[in-house]
Amino acid sequence: MPSILAVMESRSGSLRKVSHEVLTTARRLADSLGATVDAIVLGKGPVAGAEELGAFGADRVLTATHDQFELYSPDGFSATIAAAAAGHSAVLFAATATGRDLAPRVAARLGVGCATDVTDISTEGQNVVVTRPVYAGRALQKVRLGSPAVVSIRPNTIPAAENRKEGRVESFPVPAFTARVTVKEIKAPAQATLDVSEASVVISGGRGLKEPANFKLIEDLAAAFGNAAVGASRAVVDAGWRDHGAQVGQTGKTVSPGLYIAVGISGAIQHLAGMRTAKVIVAINRDKDAPIFKVADYGVVGDLFEILPKFTEAVKKVRSEQ
Amino acid sequence: MPVANFSRGIALKIAVCLKRVPDTTAKIVIGADGKSIDENGVKFVPNPYDEYALEEALKLKETAGSGETVVYALGTDASQETIRTALAMGIDRGVLLQSPPSADGFEVAKALATELKGGGYDLILFGKMAVDDYNHQVGVMVAELLELPCISAVAHLTVNGTALEAEREIEGGIEVSTCSLPAVLTCDKGLNTPRLPSLKGIMAAKKKPLEVKPVSLGAGTLSTVSLTLPAERKAGRIVGEGADAVPELVRLLRQEAKVL
Ligand SMILES: Cc1cc2nc3c(=O)[nH]c(=O)nc-3n(C[C@H](O)[C@H](O)[C@H](O)COP(=O)(O)OP(=O)(O)OC[C@H]3O[C@@H](n4cnc5c(N)ncnc54)[C@H](O)[C@@H]3O)c2cc1C
Ligand SMILES: Nc1ncnc2c1ncn2[C@@H]1O[C@H](COP(=O)(O)O)[C@@H](O)[C@H]1O
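Here is what the cut-offs are and how they apply
Residues numbered from 1 in each chain as written. Chains lettered and ligands numbered in written order. Predicted model: local features only at pLDDT ≥ 70, side-chain atom pairs only at ≥ 80, totals over all residues. Heavy atoms only, no water. Helix = DSSP H or I, 4+ residues; strand = E, 2+ residues; numbered from the N terminus. Rg over C-alpha atoms; globule rule 2.2 N^0.38 Å. Buried < 20%, exposed > 50% of the residue type's maximum accessible area, 1.4 Å probe, protein only. Contact = heavy atoms within 4.5 Å. Near = heavy atom within 4 Å. Polar contact = N/O pair within 3.5 Å; in protein donor to acceptor, adjacent residues only side chain to side chain. Areas by Shrake-Rupley, 256 points an atom, 1.4 Å probe, with all protein chains shown as cover. Phe/Tyr/Trp six-rings, centres within 6.5 Å; stacked < 30°, edge-to-face > 60°. Lys NZ or Arg CZ within 6 Å of the ring centre and 35° of its normal. Pairing = 2+ DSSP bridges. Axes fitted to C-alpha atoms, helices over the stretch in contact; angles between N-to-C directions.

## Some words on the overall build of chain A
Within chain A, the regular secondary structure consists of 8 helices and 18 strands. In terms of overall dimensions, chain A is globule-like: its C-alpha atoms have a radius of gyration of 21 Å, near the 20 Å expected for 322 residues. C-alpha atoms of chain A, sized along the principal axes, occupy 60 × 40 × 40 Å. When burial is assessed residue by residue, chain A has 60% of its 322 residues classed as buried. Within chain A, contacts between residues at least 6 apart in sequence are counted, and of these 64% link residues at least 24 apart.

Shown next, in the form of structure tokens:
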């Protein structure tokens, strides 16, 4: 029976949320191919959540433990996953910073190409077929892959869904590898916030905020939502108001949250490239002709300094009643 | 800012892989084959992330005091113009690997790796991704094929002798990695500010060597089935003006969009 390998991502000994999305996708693919699903978890020791992966459709959970797996090990992880991939017809990754580094390494070791940042996946016969945004989201490319199909899935595009399978945990031996690169540490960013590429709500500010201190208004709204990340346009990142990690757009991050709120952002094509796949878009801008309104589901025309405090209050009120 | 302290007189050999891509504001029209874009009237530019790679190569060579920088582009003859732009920035010479494009990044990586192998490069630089295919893979694959250390999406670099320390952005943090030369790096925004070609540079570029080598790519394991335009977002609506619109906005977010 064919099988699919789903690569789980963890940080500080816990699985990351995106892993459940990858596993859900693997399960769906397996069901249409009549295949089984192996989830692989790499770490220095036990990873919290690994035993529960059966809930999201893993038939088997392979745990690969190694002293050098406390942080990401590009060479160790790719050697291990390439070894585990033997006999699998597809290998699925999350298109995160780690997955984007890892998927092409594994593909190269397996001697095949890879389809990155896919937003949809299906099968045609025994082939995996994916859809991926190209040209900064201005076109969609449909790609057919051979076997094994190496694919990375854009976070937040395929929601995690439970589908209980056995989830039998087995240890997988890490092959010998040469660590050509060593990851020393993970430093906290200067502005520690939820990451825009993974949050389900993203609230971004632009030049309309006038000065960096006014981002407090955005932070307050994000806090009112609770699960929101703060993003920014390039104009304010280049001006040094926000970290580069917060930048949404063609030269920043591509986000697909359930809700994207653009505040004081004009909606330049390069900004739209990063957020047009959000499920719901809200724009607040005082210029009724701003291009952002062309992609916004809900627009409010007016002064953000007047609107945001009221909006934040209203969201807090709704949240407190839930 | 990158800090390199090679002892003066040690020559540094750096390769940069450069792709010609449509300008990011170009209007996308699907071509007659339904699998590629219609290139008519589209302005092409060097891939923006590759400009960070070009700048880093030039800067590292300047700091080292001597060396050679070489740019490689795989593409049709049209890529010669892109290579000339790199030469005008200050890159010493160019190589065009003449071939039609491929949907399979691994095939491109194999052709580049074959060419780069044995070139004696201390560093091979790439962009973190090409803004046309968004593949995010060729640089890393070349490193795997050449069995070289590779750090991808580098936004900050420190070079000390043959030791490299690089920072890359990951979700909610900055990952700090080390490796030693020879190595492959893929470059992200933030690494540097690419220089513009000077008039003198543009004149000099015309006389710099540009070698053209035909290559043939394998069929690969990926094929494009179709290229389509994304569905237009359905026309949104203006909920209202000013703070008075807030109650209605909140109601819509709760009851219609169900995101609150
Ligand atoms: C190669 C390239 C790559 C790029 N990549 C990116 C990218 O990744 N991300 C990105 O964002 N940009 C990117 N850009 C830049 C992009 O073209 C725009 O310049 C940028 O997005 C503009 O940022 P902004 O909307 O904050 O500023 P502006 O365009 O100046 O817009 C400010 C908006 O605020 C509104 N406003 C002002 N005051 C108020 C108020 N009191 N209340 C309400 N509204 C108000 C104004 O009406 C205006 O619409 C890129 C550009 C290039 C050339
Ligand atoms: N045809 C090409 N010629 C030269 N370099 C390329 C080519 N395609 C990709 N690259 C390099 O690989 C990087 C990543 O591209 P990609 O994997 O296509 O997103 C680019 O930024 C370039 O540095």
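## Considerations on the site of ligand 1
All names here are of chain A. As a matter of local geometry, ligand 1 sits amid 26 residues, with Ser233, Thr251, Ser266, Gln270 and Asn285 nearest to it. Contact between ligand 1 and Ser233: an oxygen atom at 2.6 Å from a side-chain N or O atom of the residue. Coverage of ligand 1 by the protein chains reaches 79% of its 990 Å² of free accessible surface.

## A short note on the packing of aromatic side chains
Summed over all chains, the structure comprises 6 aromatic pairs over all chains. Ring geometry for Phe69 of chain A and Phe177 of chain A: centres 6.0 Å apart, planes at 25°, overall stacked. You can see Phe69 of chain A sitting in the loop between strand S5 (60-65) and helix H2 (74-84) and its partner Phe177 of chain A sitting in the loop between strand S12 (168-171) and strand S13 (182-187), a full 108 residues away along the chain. Taken together, a centroid distance of 5.2 Å and an interplanar angle of 80° make the contact between Tyr72 of chain A and Phe77 of chain A edge-to-face. Neither residue differs from the other here; Tyr72 of chain A and Phe77 of chain A are each classed as buried. Three or more aromatic residues link up through ring pairs in this structure, and these residues are Phe69, Tyr72, Phe77 and Phe177 of chain A. Directly above the aromatic system of Tyr121 of chain B lies the positively charged group of Lys13 of chain B, at a separation of 4.9 Å from the ring centroid. If you follow Arg20 of chain B out to its NZ or CZ, it ends over the ring of Phe44 of chain B, 3.7 Å from the centre.

## What to know about the side chain of Glu167 of chain B
With respect to the secondary-structure elements, Glu167 of chain B resides in strand S8 (residues 163-170). On the basis of relative accessibility, which here comes to 17%, the residue Glu167 of chain B falls in the buried class. A polar contact is formed between the side chain of Glu167 of chain B and the side chain of Lys187 of chain A, at a distance of 2.7 Å.

## Some details on the sheet that holds strand S6 (residues 123-127) of chain B
Spatial ordering of the open sheet is given by S13(A)-S9(B)-S8(B)-S7(B)-S10(B)-S6(B)-S1(B)-S4(B)-S5(B)-S11(B), a layout of 10 strands whose pairing is mixed. Each edge of the open sheet is held by one strand with a lone partner, namely S13 of chain A together with strand S11 (210-214) of chain B. In this sheet, adjacent strand axes meet at a mean angle of 30° when their direction is disregarded. In the sheet, S6 of chain B pairs with strand S10 (residues 183-187) of chain B via 5 bridges, with the strands oriented parallel. Looking at the pairing, Leu123 of chain B lines up with Ala183 of chain B of S10 of chain B. Where helix H1 (residues 48-64) of chain B meets the sheet, its contacts fall on strand S1 (11-17), strand S4 (66-75), S6, strand S7 (150-160) and S10 of chain B, and the angle it forms with S1 of chain B comes to roughly 175°.

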